[in-house]
Amino acid sequence: HQHQVSVREHAALLRVRLAERGSATFSELVADCGHTVEIVARFLALLELYRETVVLFEQESPLAELVVRWAGGTVVEAQADAEAARSSHEEEEYG
């Protein structure tokens, strides 16, 4: 039995986490995920943030660790954007 997860909620979480830290590896960003479906949702959330041009991806070589860098403004702006996304009535679920 798989539970559904919100890609939007994961994007909001990652938005704030990356704004606070500046950068993180993909492994660090999914370390607190308890299920595979949550890891997939985090990856989809990162792709959405990339599409919004608020994160950058760096990878030294094929299959090397993926580093995600924040490029979307201040922590305060990220928190406001995350809260706005969480309160949106458009829910995108995965799973």
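Residues numbered from 1 in each chain as written. Predicted model: local features only at pLDDT ≥ 70, side-chain atom pairs only at ≥ 80, totals over all residues. Heavy atoms only, no water.

*Asks:* Outline the sheet that holds strand E3 (residues 55–58), listing residues and values.
*Replies:* Sheet architecture is open: three strands sit in the order E2-E4-E3, paired in antiparallel fashion. The open sheet is flanked by strand E2 (23–25) and E3, the only strands paired with a single partner. Going from strand to strand, the sheet's axes swing by 20° on average, the running direction of each strand aside. Sheet topology places E2 next to strand E4 (residues 67–70); three bridges connect them, and they run antiparallel. Note on E4: the bridge partner recorded for Ser 23 is Arg 69. Along the sheet, helix H3 (residues 36–51) contacts E3 and E4; its crossing angle with E3, the most-contacted strand, is approximately 115°. (Pairing = 2+ DSSP bridges. Helix = DSSP H or I, 4+ residues; strand = E, 2+ residues; numbered from the N terminus. Axes fitted to C-alpha atoms, helices over the stretch in contact; angles between N-to-C directions. Contact = heavy atoms within 4.5 Å.)

*Asks:* Lay out the packing of helix H1 (residues 7–21) against helix H4 (residues 75–86) in plain terms, naming residues and giving numbers.
*Replies:* Put simply, H1 and H4 touch, their axes get as near as 9 Å, and they point 175° apart. As summarised for this structure, H1 and H4 are arranged roughly antiparallel, according to the angle between their axes. Touching Arg 8, Glu 9, Ala 12, Leu 13, Arg 15, Val 16, Ala 19 and Glu 20 of H1 are Val 75, Ala 78, Gln 79, Asp 81, Ala 82, Ala 85 and Arg 86, all from H4. Here the residues of the contact of H1 with H4 are counted per class, giving eight nonpolar, one polar and six charged. (Parallel < 35°, antiparallel > 145°, perpendicular 65-115°, else oblique. Nonpolar A, V, L, I, M, F, W, Y, C, P; charged D, E, K, R; others polar.)

*Asks:* For the packing of aromatic side chains, give the residues involved together with the corresponding values.
*Replies:* Going through the model one piece at a time under the given rule, you end up with two aromatic pairs. Considering the side-chain rings of Phe 26 and Phe 43, the 6.1 Å spacing of their centres and the 85° angle between planes classify their relative orientation as edge-to-face. Taken together, the residues span a long stretch of sequence, with Phe 26 in helix H2 (residues 26–30) and Phe 43 in helix H3 at a distance of 17 residues. Accessibility expressed as a relative area gives 38% for Phe 43, which makes it partly exposed. The interplanar angle of 10° and the centroid separation of 5.0 Å between the aromatic rings of Tyr 50 and Phe 57 together place this pair among those described as stacked. You can call Tyr 50 partly exposed: its relative accessible area is 44%. (Phe/Tyr/Trp six-rings, centres within 6.5 Å; stacked < 30°, edge-to-face > 60°. Buried < 20%, exposed > 50% of the residue type's maximum accessible area, 1.4 Å probe, protein only.)

*Asks:* For the pairing of E4, give the residues involved together with the corresponding values.
*Replies:* The side chains of a regular strand alternate between both faces of the sheet. Burial along E4 is one-sided: Val 68 and Trp 70 are buried, while Val 67 and Arg 69, pointing the other way, are not. Where E3 lies against E4, four bridges are found, and the strand directions are antiparallel. Among the inter-strand pairings, Val 55 is bridged to a residue of E4, identified as Trp 70.

*Asks:* Summarise unusual backbone geometry; cite the residues concerned and give the values.
*Replies:* Phi angles above zero are rare outside glycine, and Thr 53 is one such case at about 60°. Counting through the fold element by element, Thr 53 comes out in the loop between H3 and E3. Taking relative accessible area as the criterion, Thr 53 reaches 59% and is therefore assigned exposed. Positive phi is not limited to glycine here, since Leu 63 has a value of about 70°.

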